[in-house]
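# Summary of the model geometry
Spelled out, the chains give:
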Amino acid sequence: MSSDSPLFALSEEHQAVREAVRAVCDAKVAPYAADVDEHARYPHEAAAALLAADFHAPHVPEQYGGAGADALATVIVIEEVARACASSSLIPAVNKLGSLPIQIAGSEELKQKYLGALARGEGGFSYCLSEPDAGSDAAGMKTRAVRDGDTWVLNGVKRWITNAGESEYYTVMAVTDPEKRSRGISAFVVEKSDAGVTFGAPEKKLGIKGSPTREVYLDNVRIPADRMIGAEGTGFETAMRTLDHTRVTIAAQAVGIAQGALDYALGYAQERKQFGKPISDFQGLQFLLADMGMKVEAARQLTYAAAGKSERGDRDLTFFGAAAKCFASDAAMEVTTDAVQVLGGYGYTRDYPVERMMRDAKITQIYEGTNQVQRIVMARQLLAGVQSQL
């Protein structure tokens, strides 16, 4: 058996992606992260830098003008951006979330038009599933789409829409047959410029303040019938298949936030002196740092394994996507909280980045399905026997 092949290691190409993204982030994302958070403003510097380097939507296939990154490379991009600025990491993450339904179920015409526009940087993509009364119970949505000749007319309110107002394009789930519950939901592409599309005020949030979260109002929005994604009634299935893949990107975001906090805590612990020596010399603190490092690496390995399954479309992706998202986000919350502890009183102030990272980490336990929902998903998969046998 040859021993010169890389076993369970990133390829040189994936390593190169990490180095390239980190260089961009160190130069053009990290320097603005504190200001973006402080003023709750969109990270225009990061958006421009990611677009210039083709990291804004790396998942778009080459045939539509994209970088053609596989699921693991996309995860690495999001992880590295999140390490510098969680708000900025939502640019590549949500561009994948919003456009993946088209990639999964859209017509060739929709793919050419919208994936091409996304790849060229003509506008970002947001994902409109949640509503004021439909969160974890997404099938209980009320937004309606009614057929009128060769058009559809949409009415409703979508809530918690990431990058709403900034994005040009929106994948909207709407009820086309109220009698069929989840099988009566269809998916559509709505454009920001469509008549009747407006946005609510930005939510005032605990974290990811640089990524606007707003309601999207659809008031008699009339769109061409060919903007339906997939067949009528398949929207909910497409939405759930999308989340199987994109939960892995939230896991990556969580890993990146946690890594950024660990990196800062390690540097601080070696510089901060008490009782005549660096606090990193004290065993109590060493144990804390060891646990932080262990959790980050366990989360990363699970996330990368899930990314591999996403790329291959393995039948146990649903379990692994939920597991990676749940484990990594829980780990990120623990690691960032411990990072604040390592810095003591300094960690509790905005003069240091770990309090921002702690606030940013919290959302990863909530969006794209709360971690309670992830545990329901995992349990169902386990009870159905859908898990890989290693």
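Residues numbered from 1 in each chain as written. Predicted model: local features only at pLDDT ≥ 70, side-chain atom pairs only at ≥ 80, totals over all residues. Heavy atoms only, no water.

### What to know about the overall build of the protein chain
Helix and strand counts for the protein chain come out as 11 helices and 10 strands. Against the compact-globule benchmark of 21 Å for 390 residues, the protein chain has a radius of gyration of 21 Å, which places it among compact chains. Taking the principal axes of its C-alpha atoms as reference, the protein chain extends roughly 80 × 55 × 40 Å. Relative to its 390 residues, the protein chain shows a buried fraction of 55%. The long-range fraction of contacts in the protein chain, counting pairs at least 24 apart against all pairs at least 6 apart in sequence, stands at 75%. Counting every atom, the protein chain has about 17,300 Å² of accessible surface; 52% of that belongs to carbon and sulfur. Placing the 41 positive and 50 negative side-chain charges of the protein chain at their respective mean positions leaves the two points 4 Å apart. (Helix = DSSP H or I, 4+ residues; strand = E, 2+ residues; numbered from the N terminus. Rg over C-alpha atoms; globule rule 2.2 N^0.38 Å. Buried < 20%, exposed > 50% of the residue type's maximum accessible area, 1.4 Å probe, protein only. Contact = heavy atoms within 4.5 Å. Areas by Shrake-Rupley, 256 points an atom, 1.4 Å probe, with all protein chains shown as cover. Lys, Arg positive; Asp, Glu negative; His and termini not counted. Charge placed at Lys NZ, Arg CZ, Asp CG, Glu CD.)

### As for the packing of aromatic side chains
Evaluated as defined, the whole model comprises 11 aromatic pairs. Here the aromatic rings of Tyr114 and Phe125 are separated by 6.3 Å at their centres, their planes lie at 80°, and the arrangement is edge-to-face. With Tyr114 in helix α6 (residues 108-119) and Phe125 in strand β1 (residues 125-128), the pair connects residues that are 11 residues apart, well separated along the chain. Comparing Tyr114 with Phe125 shows no difference in burial state: the two are buried. On the basis of an interplanar angle of 40° and a centroid distance of 5.4 Å, the ring pair of Phe125 and Tyr169 is categorised as tilted. You can see Phe125 sitting in strand β1 and its partner Tyr169 sitting in strand β4 (residues 169-175), a full 44 residues away along the chain. Since its relative accessible area comes to 0%, Phe125 is described here as buried. (Phe/Tyr/Trp six-rings, centres within 6.5 Å; stacked < 30°, edge-to-face > 60°.)

### Describing the pairing of strand β7 (residues 213-224)
By the bridge criterion, 9 bridges tie strand β3 (residues 151-162) to β7 in an arrangement that is antiparallel. Its bridge partner being in β7, Leu154 is matched across the sheet by Val221. Across 3 bridges, the pairing between strand β6 (residues 197-199) and β7 is antiparallel. By the bridge assignment for β7, Phe199 is matched with Val216. (Pairing = 2+ DSSP bridges.)

### Concerning helix α2 (residues 30-38)
Buried within α2 are the following residues: Ala33, Val36 and Asp37. Seen end-on, α2 carries its buried residues on one side only, within an arc spanning 90°. (Arc of directions from axis to C-beta.)

### Examining the nonpolar core
Counting 71 residues, the largest nonpolar core has Val21, Leu289, Met292 and Val342 as the members making the most contacts within it. With 16 residues, the top contributor of residues to this core is helix α9 (residues 317-343). Other than its neighbours up to four places away in sequence, Val342 contacts Ala265, Tyr268, Ala269, Ile279, Leu285, Leu288, Leu289 and Met292. Among the nonpolar cores identified, the runner-up in size contains 28 residues, and Val60, Ala119, Ala134 and Ala138 belong to it. (Core = buried A, V, L, I, M, F, W, Y, C linked by side-chain atoms within 4.5 Å.)

### Thoughts on the packing of helix α8 (residues 283-312) against α9
The description of two packed helices rests on the angle between their axes and on the distance between the axes. Following both chains from N to C, one finds α8 and α9 inclined at 155°, their axes separated by 9 Å at the closest point. Considering their axes alone, α8 and α9 lie roughly antiparallel with respect to each other. Seen from above, α8 lies across α9 with left-handed handedness. In the contact of α8 with α9, the residues fall into 19 nonpolar, 3 polar and 4 charged. (Axes fitted to C-alpha atoms, helices over the stretch in contact; angles between N-to-C directions. Parallel < 35°, antiparallel > 145°, perpendicular 65-115°, else oblique. Left-handed = near helix turned anticlockwise from the far one by under 90°. Nonpolar A, V, L, I, M, F, W, Y, C, P; charged D, E, K, R; others polar.)

### A short note on the pairing of β4
In the case of a regular strand, side chains alternate between the two sheet surfaces. Within β4, 7 of the 7 residues are buried, which leaves the element mostly enclosed by the surrounding structure. Taking every second residue as pointing to the same face, both faces of β4 are buried, with Tyr169, Thr171, Met173 and Val175 on one and Tyr170, Val172 and Ala174 on the other. Summarising the sheet, β1 and β4 pair through 4 bridges and their orientation is parallel. The residue bridging Phe125 from the neighbouring strand is Tyr169, located in β4.

### Concerning the pattern of salt bridges
In this structure the tally under the stated criterion is 27 salt bridges. In this structure, the salt-bridge partner of Arg22 is Glu80, at a minimum N-O distance of 2.8 Å. Of this pair, Arg22 sits in helix α1 (residues 12-28) while Glu80 sits in helix α4 (residues 71-84), and the two are 58 residues apart along the sequence. Residue Lys180 pairs with Asp177 through a salt bridge whose shortest N-O separation is 3.8 Å. One connected set of salt bridges, linked through shared partners, spans Arg18, Arg22, Glu79, Glu80, Glu297 and Arg300. (Salt bridge = Lys/Arg side-chain N within 4 Å of Asp/Glu carboxyl O.)

### Some thoughts on helix α11 (residues 371-383)
If you check α11, its first and last C-alpha atoms are 18 Å apart, about what 13 residues at 1.5 Å a residue would give, namely 18 Å. For α11, the set of buried residues is Asn371, Gln374, Val377, Met378 and Gln381. The buried side chains of α11 occupy one side of the element, clustering within an arc of 105° when seen end-on. Away from its buried face by more than 90 degrees, α11 exposes Gln372, Arg380 and Leu383. Those residues of α11 that are buried lie in contact with α7 (235-271) and α9. Positive backbone phi, approximately 75°, marks Gly385, located one or two places after α11. (Expected span 1.5 Å × (residues − 1).)

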